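Secondary and tertiary structure notes
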Amino acid sequence: MLGQRAAAVGRFWKHKRHFNSLASTGSEYSREDHEQSYYKYAYIAGAAAVGMLGVQQFMRTAKLDHAKEEKNFKKLANLPMYAQEEVKKHGKDADRIWVTYKDGVYDVTDFISMHPGGDKILLAAGAAVDPFWALYSQHKTAEVLEILEGYRIGRLDVKDVPKAEPDAFSNDPERHPALLVRNAKPFNAESPPSLLTDHFYTPNELFFVRNHLPVPDIKTEDHRLTIETMNGKTIDLSVDELKKKYKSYTIGSVIQCAGNRRADMNQYKKVQGLMWEGTAISNAEWTGVRLRDILADAGIDVFDEKIKHVHFEGCDVDPTGTPYGASIPMEKARGNEVIVAYHMNGVDIPRDHGAPLRVIVPGNVGARQVKWLRKIIVSEKESDSHWQQKDYRAFSPAVNIGDELKWDTVPSIQEYPVQCAICTPAPNTKVDRDDGTVDISGYAWSGGGRGIIRIEISVDGGETWSSCEMEQEEKQDKEHMYAWTLFRTEVKIPPGVKEFNIIAKAVDRSYNTQPETASGIWNVRGLIHNAWHRVPIIVKD
């Protein structure tokens, strides 16, 4: 009996900590919402606990919990205090690397090799991470802070504690309220699934947003695009010159985040990264000039065998002034489809999507389609950018969270594998058995211009399949299909079941199809997840 009572009280305090962790993520709950929700819950749970255990037992447990917190506080108070001068001695070239966060001092030496952003942490070596976390606020979660506390070695002298950083995102543009926000700063949001298949080309306002840093505010008339050759020669172009000097082209093309459907993979086995669900993907018509025309005009031979890669740099920069960057192979860069775009769905590209210029690399992962484009460089090697070298690479399932990530053992992601997902109905939708059928809609797409040749649906666990009606871009053929395929169909509600899964999968022009589960494609970063998409449905009588 006492064991049951102790377990009940333990659950109460566990829920209290859960509410605290939700509030600290800042993702979907405001502090005010958190406090209201928590105290409402605490009142109910507390009353139940009192009824079970009696007031005396409840208060005794509360005192024990308070004593534990007080013990932790005393433990921190007993840690040594360091001045900033001492911390500075433990920079990136030291044997042990220290950083500070608020009033804490942390030895992160062993953490760096295990974390995808380890090299970014080195930028703060011997100093405060606060300015960096002001930009990468996704780190300010209960889980990350708990991990960080495991590396605490001391306290920072109060006179050296950094002042609160100004909000680097205060000048970000306004966004449509229908977007599903996955991270507020930097802003990352999915398109609403219920609206995504209403338009073949996604309205700009509903196009998913993937930002790594604050959104630059660029005056189009002042913006210059620099092209740099192998011998260091450069040419500069204004946006107006770009439009007048080169022939314009329009192409329908998908942009999909490499982490799309990461949340699905996380359900199979825990992964690292922003928990995108199934709509970190959108489709637009882009207008601009061919990249190869710009390169040729700069005197660059796009068939020169010495030139292996083309680099892109954006105007979005971190606290050190380092821009977001990426690169693609020259073989791709000289293709007809790759453009430097200035229009999105017939209007100037919006700020969130790269105004005034964005490189569009149809068929490739979104991370290579650099926004706010300011520089193009041809090179013998790939971009040295963090996002090319230390992210957007899919490791073997044998590499687990906590293992050292050997980035040079896997290539950077370029083309995306075949993908398919259901947008409607939503998971756990309740349907009436008397309706007889369920309407379905969704999207499919494959990288490299490989068109979708069929989309198949199952409601019996994959035992049998039916094909879907498909909507595709008529101006593109199956060998050069860069826009997505939308599908719609209806399925019969299986007899005698109270719930069932709708499963969708696609097949592309090369007859690539999707794996049944994440088992063989799981990777620590949760990238390019494309297992069968399953949507659970509840049947009401």
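Where an unreviewed UniProt entry is consulted, the chain appears under the name sulfite oxidase, with the organism given as Caenorhabditis briggsae. The record held by UniProt for the chain lists under Subcellular location (unreviewed entry) the comment "Mitochondrion intermembrane space".

Turning next to the pairing of strand S24 (residues 485-492). Bridging between strand S20 (residues 437-445) and S24 involves eight bridges; their strand directions are antiparallel. Paired with Ser-441 across the bridge in S24 is Arg-488. Relative to S24, strand S23 (residues 469-471) is paired through three bridges, and the arrangement is antiparallel. If you follow Glu-469 over to S24, its bridge partner there is Arg-488.

Turning next to the nonpolar core. Grouped burial of nonpolar side chains is what soluble globular proteins tend to show. Ile-227, Leu-242, Leu-295, Val-340 and Ile-376 are the most contacted members of the largest nonpolar core, which has 54 residues in total. Look past the residues within four positions of Val-340 in its chain and what remains in contact with it is Leu-225, Leu-242, Gly-288, Val-289, Leu-291, Ile-294, Leu-357, Arg-358, Val-359, Leu-373 and Ile-376. Counting residues in each nonpolar core, the second largest holds 21 residues, with Ile-452, Val-491, Phe-500 and Val-539 among its members.

Turning our eyes to something else, we now look at the side chain of Ser-191. In this fold, Ser-191 is placed in the loop between strand S6 (188-190) and helix H9 (193-196). One polar contact links the side chain of Ser-191 to the main-chain carbonyl oxygen of Leu-206, over a distance of 2.5 Å. With residues near it in sequence (within four places) discarded, Ser-191 still touches Leu-179, Leu-180, Leu-196, Thr-202, Leu-206, Phe-207, Phe-208, Thr-279, Ile-281 and Ser-282.

Among the structural elements, Trp-372 can be located in the loop between strand S16 (358-360) and strand S17 (373-379). You can call Trp-372 buried: its relative accessible area is 1%.

Across the sheet, five strands lie side by side as S19-S26-S25-S21-S22; this open sheet has mixed pairing. Of all the strands in the sheet, the pair left with one neighbour each is strand S19 (429-432) and strand S22 (466-467). By the bridge criterion, two bridges tie strand S21 (residues 452-458) to S22 in an arrangement that is antiparallel. Considered in S22, the bridge of Glu-456 is made with Ser-467.

Below, the discussion takes up the side chain of Thr-226. With respect to the helices and strands, Thr-226 occurs in strand S8 (residues 224-228). In this structure Thr-226 comes out as buried when scored by relative accessible area, which is 18%. Side-chain polar atoms of Thr-226 contact the side chain of Asp-236, separated by 2.6 Å. Once residues within four sequence positions are removed from consideration, Thr-226 is found in contact with Thr-234, Ile-235, Asp-236, Arg-374, Lys-375 and Ile-376.

Glycine aside, residues mostly have negative phi angles, and peptide bonds mostly take the trans form. For the peptide bond that leads from Lys-185 to Pro-186, omega is -5°, which places it in the cis range. With respect to the secondary-structure elements, Pro-186 resides in the loop between strand S5 (180-183) and S6. Residue Pro-425 is reached from Thr-424 by a cis peptide bond, and omega for that bond is 5°. For Pro-425, the position within the fold is in the loop between strand S18 (419-424) and S19. At Asn-345, a position not held by glycine, the phi torsion is positive, near 55°. As for its position among the elements, Asn-345 is in the loop between strand S14 (339-344) and strand S15 (347-348). The exposure class assigned to Asn-345 is partly exposed, which follows from its relative accessible area of 25%.

Turning to the sheet that holds S8, a few remarks are in order. The sheet built from five strands is open, its strands ordered S9-S8-S17-S12-S13 with mixed pairing. Each end of this open sheet is capped by a strand with a single partner; those strands are strand S9 (234-238) and strand S13 (323-329). For this sheet, the mean inter-axis angle between neighbouring strands, taken without regard to orientation, is 20°. In the sheet, S8 pairs with S17 via three bridges, with the strands oriented parallel. Across the sheet, residue Ile-227 finds its bridge partner in S17, namely Ile-376.

Conventions used here
Residues numbered from 1 in each chain as written. Predicted model: local features only at pLDDT ≥ 70, side-chain atom pairs only at ≥ 80, totals over all residues. Heavy atoms only, no water. UniProt positions renumbered as here; feature names shortened; annotations may be inferred. Pairing = 2+ DSSP bridges. Helix = DSSP H or I, 4+ residues; strand = E, 2+ residues; numbered from the N terminus. Core = buried A, V, L, I, M, F, W, Y, C linked by side-chain atoms within 4.5 Å. Buried < 20%, exposed > 50% of the residue type's maximum accessible area, 1.4 Å probe, protein only. Contact = heavy atoms within 4.5 Å. Polar contact = N/O pair within 3.5 Å; in protein donor to acceptor, adjacent residues only side chain to side chain. Axes fitted to C-alpha atoms, helices over the stretch in contact; angles between N-to-C directions.

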